Amino acid sequence: MPSLIYIDRHIVHDISAQAFAGVEAAGRKVRRPDLTLAVVDHTVPTSHRELPILDPHASVLLSSLDRNCREWGIRLFDLKSIFQGIVHIIGPELGFTQPGLTVACGDSHTSTHGAVGALPFGFGVSEVEHILATQCLWRKKSKNMLVRVEGRRARGVTAKDLILAVIGKIGIDGGVGHVIEYAGQAIRDISVEGRMTVCNMSIEGGAISGMIAPDEKTAAYLEGRPFTPRGKQFEDTVASWKDLVSDPGASFNKVVELDAAEIAPQVTWGTNPGMVIGVNGKVPDPGSYADVQDGQATERAIEYMGLRPGMSIEDISIDHVFIGSCANARIEDLRIAASVIEGKKISPHIKQAMVVPGSMLVKAQAEHEGLDKIFKSAGFEWHDAGCSMCVGMNGDLVPSGGRCASTSNRNFEGRQGKGARTHLVSPMMAAAAAIAGHFVDTRGMDVPDAE
Amino acid sequence: MEKRTSSKGGNTVEGFRKHTGLVVPFDKLNVDTDQVVPKQFLTWSTKDGYGRVLFYDWRYVEGEKPNPDFVLNKPRYQGASILLCRANFGCGSSREHAAWALKGFGFRVLIGTTFADIFYSNCFKNSVLPIRIRQEEIDELFDRAEKTEGYQLAVDLEEQTIAEVNPRGKSGLIFKFDIDRFRRDCMLRGLDDIGLALEFERKILDYEGRHQPAAPLYGPLSFPFTGN
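Since this is a predicted model, take the numbers as computed values, not measurements.

The rules behind the values
- The residue numbering used here restarts from 1 in each chain and proceeds along that chain's sequence as written.
- Labels are handed out in written order, letters beginning with A for the chains and numbers beginning with 1 for the ligands.
- The predicted nature of this model means local features are confined to residues of pLDDT at least 70 and side-chain atom pairs, given and counted, to a pLDDT of 80 or more, with totals for whole chains, interfaces and linings taken over all residues.
- Comment: elements are numbered from the N terminus, with helices defined as DSSP H or I runs of at least four residues and strands as E runs of at least two.
- Radius of gyration here uses only the C-alpha atoms, and the compact-globule reference equals 2.2 Å multiplied by the residue count raised to the power 0.38.
- Buried residues are those with 20 or more other C-beta atoms within 10 Å of their own C-beta, exposed residues have 12 or fewer, and partly exposed residues lie in between; C-beta atoms are placed from the backbone.
- Here the contact rule is simple: place C-beta atoms from the backbone, and any two residues whose C-beta atoms are within 7 Å are in contact.
- Following DSSP output, two strands are said to pair if at least two bridges run between them.
- Orientation is described by axes fitted as lines to C-alpha atoms, over the contacting stretch for helices, and by angles from 0 to 180 degrees between their N-to-C directions.
- Residues were grouped as follows: Ala, Val, Leu, Ile, Met, Phe, Trp, Tyr, Cys and Pro as nonpolar; Asp, Glu, Lys and Arg as charged; and all remaining residues, including Gly, as polar.

Draft legend 1. Region of the structure containing the overall build of chain A. Across its full length, chain A holds 14 helices and 18 strands. For chain A, whose C-alpha radius of gyration is 21 Å, the value lies close to the compact-globule estimate of 22 Å for 451 residues. Overall, chain A is about 60 × 55 × 45 Å in size when its C-alpha atoms are taken along their principal axes. The burial tally for chain A puts 59% of its 451 residues in the buried class. Relative to all contacts within chain A whose residues are 6 or more apart in sequence, the contacts with residues 24 or more apart total 76%.

Draft legend 2. Focus on the sheet that holds strand β11 (residues 254-259) of chain A. Residues and elements named next belong to chain A. Pairing is parallel across the open sheet formed by 4 strands, whose spatial order is β10-β9-β8-β11. On the outer flanks of this sheet lie β10 (209-211) and β11, each paired with one strand and no other. Neighbour to neighbour, the strand axes of the sheet diverge by 20 degrees on average, direction disregarded. Examined bridge by bridge, strand β8 (residues 143-150) and strand β9 (residues 178-183) share 6 bridges and lie parallel to one another.

Draft legend 3. Fine view of the environment of Gly91 of chain A. Position of Gly91 of chain A among the secondary structure elements: in helix α3 (residues 87-93). Here Gly91 of chain A is in contact with Ile11, Phe96, Thr97, Val103 and His113 of chain A, once residues within four sequence places are set aside.

Draft legend 4. Inspection of the interface of chain A and chain B at higher detail. Each side of the interface is counted separately: chain A has 66 residues, and chain B has 51 residues. If you list the elements that add at least two residues to the side of chain A that touches chain B, you get β1 (3-6), α1 (17-25), α2 (56-72), β4 (75-77), α4 (125-134), β7 (136-139), α9 (231-240) and α10 (292-305) of chain A. Ranked by the residues each element gives to the side of chain A that touches chain B, the list is headed by α4 of chain A, at 6 residues. Classifying every residue of the side of chain A that touches chain B gives 31 nonpolar, 23 polar and 12 charged.

Now the structure itself:
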């Protein structure tokens, strides 16, 4: 029998109507609205929020979340809130996520919260209903996996490149059944926001979740955030984190090791996040795979992506750029991207380049620093916060045949729009590609190292 | 198939004991849930109606006309209720709509080597049985299902067996499969896992009473701003 795990923090978003309906139909109550936070992100418009929502289904979803939150007394950050943003951005940003807590959300990228040493659970709507009604979750202990990245990253190689390289190495099902702990010098070296990018994509490697042990960077990041305890309470809390690390010599079901120094800026060439290679690499030849099915999958992916085997990644021209998503839409991401494009213009054959900050607070901070002006004068659109073109549920789409350099986390067929071709990259790589019109190696570029 | 519900609403699943049905081989690796149900249907507020949009972008061509090349549209597989899958089926997004769509279309059993974790769990919540068997066994089933028109399998959850049903109704090939006992029992009995958790109400209360005051982090949240 599995264990009944208590959930310390639960975040619900706009695709939760069926969960609330289930609670109501069974005559149950929302058990702990005080440990629950709601925010709208998946379906929300990222511009002209004063206008009515065009999609009648999305409009119903948003108004039903509003009604449910009022009925049960759940704090909701709606379209008018200055705290609105993508669930996985606002959790850590507001200090709602803290080390040592179990954090749950009906979304596969909940693993993001593990970057501060929380234990995150992501799942479907039935489990949302389960937590609303019980504040608990049935779970068996998962297997554990250690991903150790030692060495120093080259300049111009970011957290996104590390995690894409990890996924390239373990494959998109390499983590099935496991929770990953990311450790090693290269993980300690990256910022807490960069660690969120790493943990965010654990599911892209098939893992149940991802975590990083909290350290002094975590404390500095969380201190003073709205939900973070103050003064002595905070100091006591930080002191208790020393227990939130794996014992020396702890055994793992699986151990994977990478050397950060060998990792180049990464670009996906195919239709899943494991189809990835360094920017100096080439699109693979389907005939080079030992496994027939891998060869067929590669052939189909290359066909969908409109590429040729053997083509250099740097020769791939793009016509769309998306800087956003729960993988990469925090303030550091925007700072890095802005530093690459400052004083430059996007390539004339880019049809659309957009920046969608991960939260309204990130947006406000970026505007305070003048980043919006840099983006806009380079030719980027500057949007309000939401999931936007990562999932394309709000009408922000790449047209069929369009080719997008995207800082998001999924490049599945049709993910950004039917027939759209997505290349996953870091914000730095996306910015550089926007200027050049094709992928370029960001190593050696002169940008302030935000990490 | 036996149908039984133990309460209204909640996560109650229909009881599932045995199922016999037509098999369709779905010969694609790493099928992600974005393909099973594309994004444009995720804004619906119901759990019903997704059968029509299962594999939407693969299944239809312009104007929602069936794509004749897509395996589920082939005449010989009409009425199929058992889907043979390749490794890592259901990867990517946690959208439970994928399970609702498979069920809405008529699938009751999925057979593969590995399934993505969240999708696997979502299936059990919706009375769709995902069965994991060995690589050589799935290869054998793919081979037979492709070669034999009207290929049927009989699945018995209690006995944990998959048996071939030949045209005269007699069994041939039989595989045993492993499954987590708790998941199996929930499905056999049509258990509501929320109701089951609420049976531990006293323990949950006890935990909240002991654990939450001990550390300020675990207690009710205070937020220093008013309104939103």
